[in-house]
Amino acid sequence: MRLYIDSADVKQIARLNEYFPIAGVTTNPSILVKENRPYLEVLREIREIIGEEKELFVQSIGDISEEIVEESKFITSELPGKVIVKIPVTDEGLKAIKLLTLENIPTLATTVYTAFQALMAAMAGANYVAPYVNRIDNLTGNGVNVVAEIAKLYAAYQLPTEIIAASFKNVQQVHDVCLAGAHTVTVGPDLIEKFIAFPATPADVADFKSQWQKTYGSDKTSLVNS
Ligand code: E4P
């Protein structure tokens, strides 16, 4: 299981990258335009923060395969480190994934709503596939079930494509896709912060500290000075 940050907010990325076990950052056009400044400048800052080993995902916006392939080569030449191009699963997107696979350029098939889209993307050679869990739920589908079906198909056909489950609105959805067989997840900063937020934990920590200080003295704040 790997955890990616689904954001282009450099302050939040820097904080999460320092505290959480982060494997990289995913973006999409909606996420990048929120920053309201040149997108390459934003992506280069993200790269500086996460370093060259962690993956950075950038989505194509071209409509036809030739444009998508051109964008993919452009973006991987402009940014250092591991860059993965996200490509929507349209017919032109699938063709682009096939062409890029032939050139060993890694891809993520995105905007996935059905297990069969995910199957086609994997057969075309995508390294990752991103089912949109919450958006599926909003269409009265079941995002977690779609992830489970993709995992089953990939296992049945021994396809090496990894599921990077995306589009979450609550921690329960993330928890459920992990159990359903998602290899990795990409999650917005606010939700990642909630992963470890449980009121009993800080309350227990305060109790331990207070018991310690009652015995050893209120100035004893650590094992080192006790
Ligand atoms: C990630 O790669 C997707 O673009 C993203 O998770 C979509 O999330 P949303 O449905 O919250 O916009």
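It should be emphasised that the depicted structure is a prediction, and the values quoted were computed from it without experimental measurement.

Conventions used here
Residues numbered from 1 in each chain as written. Predicted model: local features only at pLDDT ≥ 70, side-chain atom pairs only at ≥ 80, totals over all residues. Heavy atoms only, no water. Helix = DSSP H or I, 4+ residues; strand = E, 2+ residues; numbered from the N terminus. Expected span 1.5 Å × (residues − 1). Buried < 20%, exposed > 50% of the residue type's maximum accessible area, 1.4 Å probe, protein only. Arc of directions from axis to C-beta. Contact = heavy atoms within 4.5 Å. Near = heavy atom within 4 Å. Polar contact = N/O pair within 3.5 Å; in protein donor to acceptor, adjacent residues only side chain to side chain. Areas by Shrake-Rupley, 256 points an atom, 1.4 Å probe, with all protein chains shown as cover. Nonpolar A, V, L, I, M, F, W, Y, C, P; charged D, E, K, R; others polar. Pairing = 2+ DSSP bridges. Axes fitted to C-alpha atoms, helices over the stretch in contact; angles between N-to-C directions. Salt bridge = Lys/Arg side-chain N within 4 Å of Asp/Glu carboxyl O.

Quick word on helix α4 (residues 65-78)
Then, number 1: End to end, α4 covers 20 Å across 14 residues, agreeing with the expected 20 Å (1.5 Å per residue, within 8%).
Then, number 2: Within the sequence span of α4, burial applies to S65, I68, V69, S72 and I75. The arc enclosing the buried residues of α4, seen along the axis, measures out at 135 degrees, which places them on a common side. Exposed side chains of α4 directed beyond 90 degrees from the buried face belong to E70 and S77.
Then, number 3: Along its buried surface, α4 packs onto α3 (39-50), β3 (55-59), β4 (83-88) and α5 (91-102).

Side note on the site of the ligand
Then, number 1: If you check the shell around the ligand, you find D6, N28, K86, Y132, R135, A166, S167 and K169 and nothing else.
Then, number 2: Take K86: an N or O atom from its side chain is 2.5 Å from an oxygen atom of the ligand.
Then, number 3: At a separation of 3.0 Å, an oxygen atom of the ligand approaches a polar side-chain atom of Y132.
Then, number 4: When the ligand sits alone it has 340 Å² of accessible area, and the protein chains cover 84% of it.
Then, number 5: Here the shell around the ligand is composed, by residue class, of two nonpolar, two polar and four charged.

Let's talk about the sheet that holds β3
Then, number 1: Read once around its circumference, the closed barrel built from eight strands follows the order β1-β2-β3-β4-β5-β6-β7-β8, with strand pairing classed as parallel. This sheet shows a mean twist of 25 degrees between the axes of neighbouring strands, independent of strand direction.
Then, number 2: With four bridges connecting them, strand β1 (residues 2-6) and strand β8 (residues 184-187) associate as parallel partners. The residue bridging R2 from the neighbouring strand is T184, located in β8.
Then, number 3: The strands touched by α4 are β3 and β4; relative to β4, the strand with the most contacts, the crossing angle is about 160 degrees.

Structural notes on the pattern of salt bridges
Then, number 1: For the structure on display, the rule yields eight salt bridges.
Then, number 2: Ionic pairing is found between D219 and K220, a salt bridge with its closest N-O pair at 3.7 Å.
Then, number 3: The network of salt bridges with shared partners includes R37, E41 and E45.

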